[in-house]
Amino acid sequence: MRQISETDDKAIIELLFARSGKALDVLGAKYGKLARHIAANHLSDARDEEECVNDAMMAVWNSIPPNRPDSLMAYFCGIVRNLSIKKYHRAENGKTEYIASFEELCSLERETAPTAEETALKNADNKVISSYANEFLSKLSKENRVLFIRRFWYCDSYADIAKMTGLSEGTLRTRINRLKAQMKAFLAEKGVTGWNRE
Amino acid sequence: MEQGMKQDTEHLTKKEMEQFLDEIDDRYIEEAGNPEKIFLRRTQIIRIAAAAAAVLIVAVLATGVIRKQILRNRKLDSTYPNDLPLSYSENARYMPMNGDWQGYPEPEDLVNACSDIYLGKLTDISYEVLDEGNDKRILYTIYTVSVEKQYKGEKQDICRIRLYGGIPGYKEDEQYEKMVEAGLIERDSGMMIYYPCSNPRCNIAVGNTYLFCVKRHSGNPTFDGVINPYQFAHDPDSANAGSIIEWCK
């Protein structure tokens, strides 16, 4: 995957603001491969993947302007991911890498139901784990953060991440298991209901 | 009921997890967009470091090989240890004792001429009058050595090396007394210090470590004899010692 410079992104956004059709060509040329990769991680049908990427490009066209994202790449990829997840659930796809990675992350969940007292506490504190996502990620090293996001946000397979990083799959699994344990400990520390007990 | 609660909990947790992933900041998504950049840089650093280490190892090995060759091919120079502080008496007379010493400019020849070559710490310098047979008795300097490493010959923990004659300027009274006790000179004849007719000679000091080059005679294992007065001891860090050790291998 090529690195896209900040200047390139700004130029594409300017084209979008100018309502130039060239904007979508450039967007597709620069981020199309990445977008298809994300869609493929979530979906099992090539036609669905392509449709998803096209829908995402239309969504970009329709939302910029008025939006002016700081990171066009993250913005575009986020749309691709959300559309892919929606399409996955609609189409009842088989088990894709998206489901594999998501289930892996959810395997951290508690094995017993929360008590009434815990539920009441949770509701009172309004503590939801999503509010801690960026705080948790900010505490990780850059490498670990990238591994975490590649596995659970981009939904890359271990084999793909191994190819990208040069790490062995075994090392990768060990590191990601440690990251999950770190996440669990972090959330427990924050007192997020349901995570502070095994 | 229990099962129903479990289902609710799982659903809630997955929903929260989805929210967790949705909340991830765009800068982290972008940062993770190019993992090769982050990880390959590290891999490249590791590869460069490994290559540098390999080059260093080869250089060290090559240097070692070259050094060995240099040490084997060089001739022995005329340096010798000169560590012993000397103090001469005003009334002493110094009498040279003739000897026929062979010198060894080639380290290979010196090693071949020695029966024993060892690294050791000089623990004592003393004098003894020894019987040479045929009623011939001579004053000897006795060097006592605690052997640390044997390069040639059979190791003994303690070796005594003898060199005929004394040492002008070192424990002169002791030399004189030994000569008088042995009846080699009269007490009132004045101080006579006999020394081997060889100049220069190794002046080695107690407490120092040297590489010793000696001949051990099976007929007289009590003492090792010096190879000659100026090549029997070497500073272990000297080029001469390095050459001799290389030829011992």
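What you see is a predicted model; the values in this text were computed from it and never measured.

## Remarks on the overall build of chain A
In terms of regular secondary structure, chain A is built from ten helices and zero strands. When the helices and strands of chain A are read in sequence order from the N terminus, they spell out α-α-α-α-α-α-α-α-α-α. In chain A, which comprises 198 residues, the share counted as buried stands at 51%. In chain A, of all internal contacts separated by at least 6 residues, the share reaching a separation of at least 24 is 68%.

## Comments concerning the overall build of chain B
Each helix and strand counted, chain B has six helices and eight strands in total. For chain B, the N- to C-terminal ordering of α and β elements is α-α-α-β-α-β-β-β-α-β-β-β-β-α. Out of the 249 residues in chain B, the part that is buried amounts to 41%. By sequence separation, contacts in chain B at least 24 residues apart represent 73% of the contacts at least 6 residues apart.

## Quick notes on the confidence of the model for chain B
Residues and elements named next belong to chain B. Put simply, chain B has an average pLDDT of 85, and 92% of its residues get 70 or more. Summarising per-element confidence for chain B, the mean pLDDT is lowest in helix α1 (residues 2–22) (56) and highest in strand β8 (residues 233–234) (96). Taken as a whole, residues 1–12 scores under 50 in pLDDT and shows eleven contacts with residues more than four places along the chain or in a different chain.

## Topic: helix α5 (residues 172–181) of chain B
Residues and elements named next belong to chain B. For α5, the complete set of buried residues consists of E172, Q175, Y176, M179 and V180. Buried residues of α5, seen end-on, are gathered within an arc of 135 degrees and therefore sit on one face of the element. When the buried face of α5 is taken as reference, the exposed residues oriented beyond 90 degrees from it are D173 and E181. Packed against the buried residues of α5 are β1 (92–97), β2 (116–131), β3 (137–152) and β5 (191–196). Just beyond α5, the residue with positive phi is G183, at close to 75 degrees.

## With respect to the packing of aromatic side chains
Counted according to the given criterion, the structure contains twelve aromatic pairs over all chains. Relative to F186 of chain A, the ring of Y132 of chain A lies with its centre 6.3 Å away and its plane at 80 degrees, an arrangement referred to as edge-to-face. Here Y132 of chain A, found in the loop between α6 (116–125) and α7 (133–138), pairs with F186 of chain A, found in helix α10 (residues 169–189); they are 54 residues apart in sequence, far enough to count as distant. Pair check on accessibility: Y132 of chain A and F186 of chain A agree, each one buried. Pairing Y140 of chain B with Y164 of chain B gives two aromatic rings, centres 6.5 Å apart and planes at 85 degrees, and the pair type is edge-to-face. Note that Y140 of chain B is positioned in strand β3 and Y164 of chain B in strand β4 (residues 158–164), a separation of 24 residues in sequence. In this structure Y164 of chain B comes out as buried when scored by relative accessible area, which is 18%. Three or more aromatic residues link up through ring pairs in this structure, and these residues are Y132, F136, F148, F152 and F186 of chain A together with F20 of chain B. The ring of W61 of chain A has R19 of chain A sitting right over it, with the charged end atom 3.9 Å from the ring centre. Geometry around Y140 of chain B places R162 of chain B over its ring, the cationic atom sitting 4.7 Å from the centre.

## Focus on helix α3 (residues 46–63) of chain A
All names here are of chain A. The end-to-end C-alpha separation of α3 is 26 Å, in line with the 26 Å expected for 18 residues at 1.5 Å each. Among all positions in α3, only D48, E49, C52, V53, A56, M57, V60, W61 and S63 are buried. Capping the start of α3 is the job of one residue whose side-chain oxygen sits 2.8 Å from the backbone nitrogen of R47: D45.

## Regarding unusual backbone geometry
The omega torsion of the bond from I64 of chain A to P65 of chain A falls at -10 degrees, within 30 degrees of zero and hence cis. Following the sequence through the fold, P65 of chain A ends up in the loop between α3 and α4 (72–91). In this chain, P65 of chain A is followed by P66 of chain A through a cis amide linkage whose omega measures 15 degrees. If you trace the backbone, P66 of chain A turns up in the loop between α3 and α4. Positive phi values are uncommon outside glycine, yet K171 of chain B reaches one of about 50 degrees.

## Regarding the environment of F223 of chain B
All names here are of chain B. On the secondary structure map, F223 appears in the loop between β6 (209–216) and β7 (224–226). Overall, F223 belongs to the buried group, its relative accessible area being 9%. Separated by 79 residues in the primary sequence, F223 and T144 place their C-alpha atoms 9.6 Å from one another.

## Some points on the pattern of salt bridges
Residues and elements named next belong to chain B. Evaluation of the coordinates by the stated rule reveals 16 salt bridges over all chains. In this structure, D77 engages R74 in a salt bridge whose closest nitrogen and oxygen atoms are separated by 3.0 Å. Residue classification places D77 among the partly exposed positions, given a relative accessible area of 33%. A salt bridge links K249 to E246; the nearest nitrogen and oxygen atoms lie 2.9 Å apart. Classification of K249 as exposed rests on a relative accessible area of 65%. By relative accessible area, E246 is classed as buried at 7%. Salt bridges sharing common partners tie together D116, R216 and D224.

Cut-off values and rules
- For every chain, the first residue of its written sequence is number 1, and the numbers climb from 1 along that sequence.
- For this description, chains carry letters from A and ligands carry numbers from 1, given in the order in which they are written.
- In keeping with the predicted nature of the model, local features appear solely for residues at pLDDT of at least 70, side-chain atom pairs appear and are counted solely at 80 or more, and the whole-chain, interface and lining totals rest on all residues.
- Values shown for side chains rest on all heavy atoms present in the structure; no hydrogens or waters enter the calculation.
- Helix and strand definitions here come from DSSP, where helices need a minimum of 4 consecutive H or I residues and strands a minimum of 2 consecutive E residues; each element is numbered from the N-terminal end.
- When a residue's accessible area, from a 1.4 Å probe over protein chains only, is under 20% of the maximum for its type it is buried; when over 50% it is exposed; and in between it is partly exposed.
- Whether two residues are in contact is decided by their heavy atoms: any pair within 4.5 Å suffices.
- Every residue is assigned a pLDDT by the predictor, reflecting its confidence on a scale from 0 to 100.
- Think of it as the arc spanned by the lines of direction from the helix axis to the C-beta atoms.
- To pair, rings of Phe, Tyr and Trp, with the six-membered ring standing in for Trp, must have centres within 6.5 Å; the planes then decide the type, stacked if under 30 degrees apart, edge-to-face if over 60, and tilted in the middle.
- We count a charge as sitting over a ring when the NZ of a lysine or the CZ of an arginine lies within 6 Å of the ring centre and within 35 degrees of the ring normal.
- Helix span is expected to be 1.5 Å times the residue number reduced by one.
- Any pair of N or O atoms that falls within 3.5 Å is considered a polar contact. Within protein, one atom must be able to donate a hydrogen and the other to accept it, and sequence-neighbouring residues count only if both atoms are side-chain atoms.
- Any Lys or Arg side-chain nitrogen found within 4 Å of a carboxyl oxygen on Asp or Glu counts as a salt bridge.

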